[in-house]
Protein chains: 2
Amino acid sequence: MRGLRPPADRGMERILGIDPGSRITGYGVIVSDRGRIGFVACGTIKPLPGLPFAHRLNQIFDGINEVIQLQGVTVAAIEDVFLASNPRSALKLGQARGAAVVAAMQNGLAVYDYSPKAIKQGVAGYGQAGKAQVQHMVRVLLGLPAAPSTDAADALAVAICHANQLHL
Amino acid sequence: MRGLRPPADRGMERILGIDPGSRITGYGVIVSDRGRIGFVACGTIKPLPGLPFAHRLNQIFDGINEVIQLQGVTVAAIEDVFLASNPRSALKLGQARGAAVVAAMQNGLAVYDYSPKAIKQGVAGYGQAGKAQVQHMVRVLLGLPAAPSTDAADALAVAICHANQLHL
C-alpha cells in the first residue's frame, strides 16, 4: 500500500472497493466492524462502448458517486495498476481510474491504493492467486450464496484488503 | 479529432483548452465569436508533489471546475495523448486526463479531443512544430503582450484548434 496510511481501528467503516477499467469498473461495498466484515453491495459500471470516451468516463464518475451516496460509504480503496500491455491501453485505464478516484475524493473520502499482489495476498493468502481463486475466496469470506462476477469480486477483494489493514 | 463532431457555428463560445499532466495541467480560455478569437485567461494547475496521488487528481478536478465556473466556459477541448514513454507514466498521465475530463463533463460541457499533431497544425500550420513555435504563435494569434508559459500556451493552442474547427 502506498499513499496515506489507514487510520487506527475506529469502529465501523463502510468500505468501497474499486476495480477500475475503461470498459468495466467493478465496485464492492462491505462493512467492517472491529475485525468482522459483511457484504453490503457489489456490481459493475459498464459505460456504453459506442459513447465518446469522455461520456464513458463521466458514467464511471456518476456510477461511483451514486454507490457512495446510496450505500453511505465512509472510505474507498482502489486497485493500483502498474502493468498495462502498452501505453495506449495504460492511458485508457488511467483515465478510468482517475474518474473513479476523483468521484471518491469529491465525496470527501480518503482513497487508499492497493497493488494487485497485496489484494490477492489479502483474500487468498497468495500474491499470484488467479481470478477464480479470488472469486471463490471473496464468496467464502463474505458468506455469499453465489460468487459475484469477476469484476465485482475483484472490487470486493480490494475492500476486504483494506478491512484487513484496519485490523492488523 | 475523434468523438463528437463540433456543432455548426452557433455564435460566441467560451472555449476551455486543457493540456493534461499529472505534475502540471495547463488551461487556457478563449472567446470565439464568428471566426474571431480573443484571450480570456490561462494558467496552470500544479498539485503539490508531496501529496498522495488521489489528492493531486482531486486538485486537478477542483482547478478545472473552478476555471469553468469562474470564466463561464461553454465548451472544452483537451489534448488527446497517444504516446507516453512507458505504461507507468501513461497510467499517471491518463489519470490526470480522466480527472480533467470528468470535471468538464460534470459541468455539462461537451468535451472534444484533439491530437497533438492537429493542435500544432492548427496554430503553427505544421504538425511537427516545437514548443517554442507553438508558444510564439499562440501569443501572435491572441495578441498577447508576452508569451504564456509552455503549459498554458499548449492549453490555449488546444482551445484555438477547437475554435478553428467551429469555423471551417
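About the cut-offs
Residues numbered from 1 in each chain as written. Chains lettered and ligands numbered in written order. Predicted model: local features only at pLDDT ≥ 70, side-chain atom pairs only at ≥ 80, totals over all residues. Heavy atoms only, no water. Helix = DSSP H or I, 4+ residues; strand = E, 2+ residues; numbered from the N terminus. Salt bridge = Lys/Arg side-chain N within 4 Å of Asp/Glu carboxyl O. Buried < 20%, exposed > 50% of the residue type's maximum accessible area, 1.4 Å probe, protein only. Lys, Arg positive; Asp, Glu negative; His and termini not counted. UniProt positions renumbered as here; feature names shortened; annotations may be inferred. Contact = heavy atoms within 4.5 Å. Buried area = accessible area lost by both parts, 1.4 Å probe. Polar contact = N/O pair within 3.5 Å; in protein donor to acceptor, adjacent residues only side chain to side chain. Nonpolar A, V, L, I, M, F, W, Y, C, P; charged D, E, K, R; others polar.

So, about unusual backbone geometry. Even without being a glycine, Arg-34 of chain A presents a positive backbone phi close to 50°. Of note, Arg-34 of chain A is situated in the loop between β2 (25-33) and β3 (36-45).

Moving on: the pattern of salt bridges. Evaluated as defined, the whole model comprises eight salt bridges over all chains. Notably, a salt bridge pairs Asp-80 of chain A with Arg-97 of chain A, separated by 3.7 Å at the nearest N-O pair. Of this pair, Asp-80 of chain A sits in the loop between β4 (75-79) and α2 (87-106) while Arg-97 of chain A sits in helix α2, and the two are 17 residues apart along the sequence. Grouping residues by exposure puts Asp-80 of chain A and Arg-97 of chain A together as buried. Arg-97 of chain B is the salt-bridge partner of Asp-113 of chain B, the closest N and O atoms lying 2.9 Å from each other. You can see Asp-113 of chain B sitting in strand β5 (residues 111-114) and its partner Arg-97 of chain B sitting in helix α2 (residues 87-106), a full 16 residues away along the chain. For Asp-113 of chain B, a relative accessible area of 11% puts it in the buried group. Where salt bridges share partners, they join Asp-80, Arg-97 and Asp-113 of chain A into one cluster.

Moving on, we come to the side chain of Arg-56 of chain B. You can see Arg-56 of chain B is positioned in helix α1 (residues 53-71). One buried charged residue, Arg-56 of chain B, forms no salt bridge at all, with the nearest opposite charge on Asp-113 of chain A at 9.6 Å.

Residue and element names in this part refer to chain A. Taken from the UniProt record, the annotation "binding site: Mg(2+) 2" (unreviewed entry) applies to Glu-79. By secondary structure assignment, the location of Glu-79 is in strand β4. Those residues in contact with Glu-79 that sit more than four places away from it in its chain are Ile-18, Asp-19, Pro-20, Arg-97, Tyr-114, Pro-116, Ile-119 and Val-158.

Before going further, it helps to spend a moment on the interface of chain B and chain A. Opposite the 29 residues of chain B that make contact, chain A presents 28 residues. Contact with chain A buries area across many residues of chain B, yet Arg-88, Leu-91 and Met-105 of chain B alone supply 21% of it, more than any other trio. Across the contact surface, chain B and chain A share zero salt bridges. Counting the contacts that link chain B with chain A gives eight residue pairs in polar contact (both at pLDDT 80 or more). When residues of the side of chain B that touches chain A are traced back to their parent elements, those giving at least two are α1 and α2 of chain B. Here the side of chain B that touches chain A is composed, by residue class, of 17 nonpolar, eight polar and four charged.

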